[in-house]
Every structure is written in C-alpha cells, then in structure tokens.
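Examining the three-dimensional arrangement
This is what each chain is made of:
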Amino acid sequence: MRRALLAATAALTVLTGCATGEGQVDVANGGQFRFVAATPAGELIPEAERAAAPGFGGTLLGGGDWTSAELDGQVAVLNFWGSWCPPCRVETPQFQEVYADVRDEGVAFLGLNVKEADEQFARAFVDSEGIEFPSLYDPAGEVALAFRDYPATAIPSTIVLDRDGRVAAVYTGEVAQDDLRAVIDSLLGEGPGGG
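Keep in mind it's a predicted model, so treat the numbers as computed, not measured. (Residues numbered from 1 in each chain as written. Predicted model: local features only at pLDDT ≥ 70, side-chain atom pairs only at ≥ 80, totals over all residues. Heavy atoms only, no water.)

1. Comments concerning unusual backbone geometry
- A cis amide bond links Ile155 with the next residue in sequence, Pro156, at an omega value of 0°.
- Residue placement: Pro156 occurs in the loop between α4 (142–146) and β7 (157–161).
- Of note in the backbone geometry, Lys115 takes a positive phi value of approximately 55° without being a glycine.
- Looking at the secondary structure, you find Lys115 in the loop between β5 (107–114) and α3 (119–129). (Helix = DSSP H or I, 4+ residues; strand = E, 2+ residues; numbered from the N terminus.)

Okay, here's the thing in structure tokens:
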C-alpha cells in the first residue's frame, strides 16, 4: 500500500511539475548522469566516473531563448536558486564575484531560478545585486529533473560541468566561494578531454 501511495505521489509530482511554467524549459534527457550523492566541498568527481550532462534549454529571466549548447567547450557552473531562499541571497552575489574573475578564462555561469512565485521577484533580485551571468526562469524545476535523480528540492544547489559537458561536481546546499574557485581552477587545469 505504501509503495502504491509513493508511486502515485511521484507520478502526480511529475505531472504537476510538467504543467507548471508551461513552455519555460525544454529538457532533452539523453544524458547518462544519475545523481547518487553530493560531492564533498571543494572536490571533483574522478574523471573516469563523470557522466554527460543532459541537454536542456529555456527562457532567460527577462526573455530570450537559451540552450545548453552555449556551454560547449567551457567549464560551466549551474546554480539552482530562488530570491525567496536566504542562503541563495548570500551565495548568488558571491558567485557573481567568482564569475567576474573567471568569465574570460572559458568559464560560464548559469543561474536556474526555481520555485519563484513570479518572475519579477527574480529579476528584481538579480538587478539589485548586480548579477551579470544569465539565469533561466524555471519555476517548475524541470532542469533539475533532467539531471536524473537530482534532488530538485535542494535549494541552493550547484552542478559544475567540465569542458566536455560532463558532471564534475554536485553540491547540495550553499557553496563557499573558496571551494568553488578551487573546483574551477582544477577543471581549468584539466583542459579539454580531461587531464
């Protein structure tokens, strides 16, 4: 009985998520990444164990289309956030500081604004904090669902991709600026194709 109830709840959650934020996010779940556990702070998933990130796309805050193909060949930091989330309000401006330092070194940042009641709140936060990296408006959290078994309710959380588009680190919870810098530096040192 309990399994049937859990299965029904999961199915309802998926259906509800797909109906919310209609047309905001297009997810192509062809990647093989499956979330198992968060990466310890400042550490990377060993290269041999990394899996491809799924393709995804959507609408940027304030309008405009975006696809994950724009990350090709770059180290990428994907940060799931909401203006309603107190740790995000601390972490996002710190990510902006890191972004300002590394954006010309082949590093891309993408915010994924989730569970926001209204896009205007997200835009107001980005504007007031001077956040320059783009953010997708993803109120239903569909991008997180594309990363199979990823805990979409863990906000803030961050996924870091290597230059080959493979998941190199997954952090559930706030990421310290020094840890993020260490991970980015390590990935930049790997170069394309790893090592």
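After presenting the structure, the write-up continues.
2. Considering the environment of Val107
- As for its placement among the helices and strands, Val107 is situated in strand β5.
- Taking C-alpha positions, Val107 is 8.3 Å from Leu188, a pair spaced 81 residues apart along the chain.
- With near-sequence residues (within four places) excluded, Val107 lies in contact with Gln74, Val75, Val102, Ile184 and Leu188. (Contact = heavy atoms within 4.5 Å.)

3. A word on the packing of aromatic side chains
- According to the stated counting rule, one finds six aromatic pairs in the structure shown.
- Judged by centre distance (5.6 Å) and plane angle (70°), the rings of Tyr99 and Phe133 are edge-to-face. Linking Tyr99 in helix α2 (residues 86–102) with Phe133 in the loop between α3 and β6 (135–138), this pair joins segments that are 34 residues apart in sequence. Both residues of the pair, Tyr99 and Phe133, belong to the buried class. (Phe/Tyr/Trp six-rings, centres within 6.5 Å; stacked < 30°, edge-to-face > 60°. Buried < 20%, exposed > 50% of the residue type's maximum accessible area, 1.4 Å probe, protein only.)

4. Side note on α3
- Where α3 is concerned, the buried positions are Glu119, Ala122, Phe125 and Val126. Viewed along the axis of α3, the buried residues span an arc of 130°, placing them on a single side of the element. Away from its buried face by more than 90 degrees, α3 exposes Asp127 and Ser128.
- Summarising the contacts, the buried residues of α3 are in contact with β4 (75–81), α2, β5 and β6.
- N-cap assignment for α3: the residue whose side-chain oxygen lies 2.9 Å from the backbone N of Gln120 is Asp118. (Arc of directions from axis to C-beta. Polar contact = N/O pair within 3.5 Å; in protein donor to acceptor, adjacent residues only side chain to side chain.)

5. What to know about the confidence of the model for the protein chain
- Here the protein chain averages 79 in pLDDT, and 74% of its residues register 70 or above.
- The element-level mean pLDDT for the protein chain is lowest in helix α1 (residues 2–19), coming to 34, with β5 highest at 96.
- Confidence drops under pLDDT 50 across residues 1–34; counting only partners more than four residues distant or on other chains, this segment forms 48 contacts. (pLDDT = per-residue confidence, 0-100.)

6. Here we look at the nonpolar core
- Ranked by internal contacts, the top residues of the largest apolar core, which has 50 residues, are Phe56, Leu78, Phe109, Leu180 and Ile184.
- Each residue touching Ile184, except ones within four places of it in the same chain, is listed here: Val77, Val98, Val102, Val107 and Phe109. (Core = buried A, V, L, I, M, F, W, Y, C linked by side-chain atoms within 4.5 Å.)

7. Some remarks on the pairing of β6
- Here β6 shows no split at all, with Ser135 and Tyr137 on one side and Leu136 and Asp138 on the other all buried.
- Strand direction decides the pairing type here: β5 and β6, joined by four bridges, are parallel. Note that in β6 the partner of Asn113 across the bridge is Tyr137.
- Crossover handedness for the path β5 to α3 to β6: right-handed. (Pairing = 2+ DSSP bridges. Right-handed = clockwise from strand over helix to strand, strands pointing away.)

8. Comments concerning the pattern of salt bridges
- In total, this model carries seven salt bridges according to the counting rule given.
- Note that Glu132 and Arg103 form a salt bridge whose closest N and O atoms lie 2.5 Å from each other. With Glu132 in the loop between α3 and β6 and Arg103 in the loop between α2 and β5, this pair connects stretches of sequence that are 29 residues apart.
- The partly exposed category is assigned to Arg103, whose relative accessible area is 34%.
- In this structure, Asp162 and Arg166 form a salt bridge, with 2.7 Å as the shortest nitrogen-oxygen distance. (Salt bridge = Lys/Arg side-chain N within 4 Å of Asp/Glu carboxyl O.)

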